[in-house]
Amino acid sequence: MSETRRAGLLTCGLVLLAACGLPTAGTRDDDAGLEEDASLLGDSGPEASTSTQDAAVLDAGDAGAAASGDATVGDASAVDGAAAVDAAREDASGDAAPVPDACTPQGNENCTNGVDDDCDGLVDCADPSCGPQYECVPSIPAGWNAAALSIGSRPGCPAGFASQRDVVMDPTGGAATCTCNCASSGAASCEKGNVTFYGPNLIGNDCSIIGSAATDVAEGACRSNLPFGLFGFGMGANAPLRVTKVGLTPNTCNGSIAANVPPAGTQEGKRCTAQVAAVGGGCSAGSVCARRVSGTYQSCVAKSGTEVCPSGWPTKHDTGTSVNDTRACSACTCGSTASCGAATVTFYSGNSCDGTSAVATANDACNAIATAGQGVSSWRYDAPVLNEGCQKTGGGAATGAIAFANGETVCCR
Ligand SMILES: [Ca+2]
Ligand SMILES: [Ca+2]
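This structure is a prediction, so every number in the text was calculated from the model and none was measured. (Residues numbered from 1 in each chain as written. Chains lettered and ligands numbered in written order. Predicted model: local features only at pLDDT ≥ 70, side-chain atom pairs only at ≥ 80, totals over all residues.)

Enquirer: Just to check I follow, could you spell out the overall build of the chain for this structure?
Expert: For the chain, the helix and strand inventory stands at 4 helices and 26 strands. Scored against the burial criterion, the 413 residues of the chain give a buried share of 33%. Long-range pairs, those at least 24 residues apart, make up 81% of the contacts in the chain with a sequence separation of at least 6. (Helix = DSSP H or I, 4+ residues; strand = E, 2+ residues; numbered from the N terminus. Buried ≥ 20, exposed ≤ 12 C-beta atoms within 10 Å, placed from the backbone. Contact = placed C-beta atoms within 7 Å.)

Enquirer: Looking at this model, I keep getting lost on the nonpolar core. Mind explaining?
Expert: The nonpolar side chains of soluble globular proteins are, as a tendency, buried together. By size, the foremost hydrophobic cluster in this structure holds 32 residues, and its most contacted members are Ala147, Ala148, Cys289, Ala290 and Cys300. Elements with a contribution of two residues or more to this core: β1 (134-138), β2 (145-151), β10 (267-274), β11 (287-291), β12 (297-304) and β26 (408-412). Here the element with the most residues in this core is β2; it accounts for 5 residues. Here this core gathers at least three residues from each of two domains, domain 2 (103-132) and domain 3 (133-173 + 262-274 + 283-321 + 403-412). In this structure, Ala148 is in contact with Cys157, Pro158, Phe161, Cys272, Val293, Tyr297, Gln298, Ser299 and Cys300, ignoring residues within four places of it in sequence. Among the nonpolar cores identified, the runner-up in size contains 22 residues, and Tyr198, Leu241, Ala338 and Val345 belong to it. (Core = buried A, V, L, I, M, F, W, Y, C linked by C-beta atoms within 7 Å. Domains from an automatic or database assignment.)

Enquirer: I would appreciate a short explanation of the environment of Tyr297 in the present structure.
Expert: Examined against the element boundaries, Tyr297 turns out to sit in strand β12. On the basis of neighbour count, Tyr297 is assigned to the buried category, with 24 C-beta atoms found within 10 Å. Residues Tyr297 and Gly269 lie 28 residues apart in sequence; the distance between their C-alpha atoms is 9.8 Å. Once residues within four sequence positions are removed from consideration, Tyr297 is found in contact with Ala148, Leu149, Ser150 and Pro158.

Enquirer: I keep staring at the pairing of β10 and nothing clicks. Help me out?
Expert: Each regular strand shows side chains that alternate between the opposite faces of the sheet. As defined by bridge partners, β2 adjoins β10 across 5 bridges and the pair is classed as antiparallel. Following the sheet pairing, Ile151 is matched in β10 by Gly269. Bridge count between strand β3 (residues 161-169) and β10: 7 bridges; the pairing is antiparallel. Within the sheet, the bridge partner assigned to Val168 lies in β10 and is Glu268. (Pairing = 2+ DSSP bridges.)

Enquirer: What is the right way to read the sheet that holds strand β19 (residues 357-361) from this model?
Expert: By way of backbone hydrogen bonds, the strands of a sheet pair with one another, either parallel or antiparallel. The strand order β7-β21-β18-β19 describes an open sheet built from 4 strands, whose pairing is antiparallel. Across the chains shown, the open sheet's two edge strands, defined by having one partner strand only, are β7 (222-223) and β19. In the sheet, strand β18 (residues 344-348) pairs with β19 via 5 bridges, with the strands oriented antiparallel. Bridge pairing in β19 links Thr346 to Val359.

Enquirer: Would you mind showing me how to read the environment of Thr346 here?
Expert: Tracing the chain through its elements places Thr346 in strand β18. For the pair formed by Thr346 and Asp382, sequence separation is 36 residues and the distance between their alpha carbons is 7.9 Å.

Enquirer: When you look at unusual backbone geometry in this model, what are you seeing that I'm missing?
Expert: Most peptide bonds take the trans configuration, and most residues that are not glycine carry a negative phi. Even without glycine at this site, Asn387 takes up a positive phi of about 55°. Asn387 sits in the exposed class, given 11 other C-beta atoms within 10 Å. We note that Asn406 has phi near 55°; this positive angle belongs to a residue other than glycine. With respect to the helices, strands and loops of the structure, Asn406 is situated in the loop between β25 (402-405) and β26.

Enquirer: What is the right way to read the sheet that holds β3 from this model?
Expert: Pairing is antiparallel around the closed barrel formed by 6 strands, whose spatial order is β2-β10-β3-β13-β26-β12. Strand after strand, the sheet turns through a mean of 45° between neighbouring axes, direction not considered. (Axes fitted to C-alpha atoms, helices over the stretch in contact; angles between N-to-C directions.)

Enquirer: Is there a simple way to explain the pairing of strand β13 (residues 315-320) in this structure?
Expert: Summarising the sheet, β3 and β13 pair through 2 bridges and their orientation is antiparallel. Paired with Met169 across the two strands is Thr319, which belongs to β13. Bridge analysis of β13 against β26 gives 5 bridges, and the strand direction is antiparallel. Across the sheet, Asp318 pairs through a bridge with Thr409, a residue of β26.

Enquirer: Would you mind showing me how to read the confidence of the model for the chain here?
Expert: Predicted coordinates in areas of low pLDDT are best not read in detail. Predicted confidence across the chain gives a mean pLDDT of 75, with 68% of residues reaching 70 or more. Here helix α2 (residues 28-43) is the element of the chain with the lowest mean pLDDT, 33, and β26 is the one with the highest, 98. pLDDT under 50 marks residues 1-95. Its contacts with residues more than four places away, or in other chains, come to 89 contacts. Low confidence marks residues 228-237, where pLDDT is under 50. Its contacts with residues over four positions away, or in another chain, come to 21 contacts. (pLDDT = per-residue confidence, 0-100.)

In structure tokens:
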């Protein structure tokens, strides 16, 4: 039998004697001795752990006696009564086969270790002693830290949190609005054609007899210098020629961009992380015991970079130590809209492109124009410019984004 058990039984025996009205022959010295024994009970090993409250009562009794300088019967009764309860518990458990008590108090409840430290049967957050400072929160995935976030102000971190960081967060500015402006400079022209005249024949469009070298002709100019003198004697029933339209000389188009970048509407805040990374138990499935935040702070989890918020922490805040705003517009490229209309060569009987006329199409084919025996004194190449102008051909897209230096995703409940 252990010393503790002996002390308990001794105490019990004395209590029974007192209860029966039998003289206990107790003296103040006896009481003092009992209290001393009882103190041993409270201070001793594993069995004492089952009666923490009893030990506390004993301590209080001792303190009272010490304060009065004279232990009273009442004090002794309190002590004895506590000892009797202990004795009864031991009897209930059976002397023959005592049930070992696995819980050894390790001091106050540690709220983040998953253990019932103070042996009250309640682990971590389930233990009311954790309530003021800890609470059950959704599970915190690996890689995330329990954090406290203050939005709009930067008060000191709540108790239990450190690693503070002044942040800017939650930009509201959207993408840039981009408008391309295309300006035209210079004029488009279809100024040149290329005309080859062929020998006259009476058959029709026979371009077998070359009468002139290919000649570039300017658009819109009335010409009287007939090549090779071919038509000087007057055209026959048919005058074959081939007119090729030379390509467009477009107007020049210069693009410029009008970029409207809305303000990056960030706000300031402060992020703190829990000083103890570990989280405890005593919560329902899917929850853990973590430090409670206070003041303007919200309960959150944080992870560096741009992340998707984990389950249970739905409210996302993009944060960083400063804003890196790269929003802009890409350069605009512009092109001419001009084209050349149907090109023709018109022959005239008059010297100034007047009088009787006949028209040949500039289609790079052998054509025969009928001049009805009229002489040709002048001619003109015409190729109208159509749709002169400019249009956007590329660019003008919104680029960049609002990014954060030391970016961190903070997700709150
Ligand atoms: Ca604990
Ligand atoms: Ca506990």
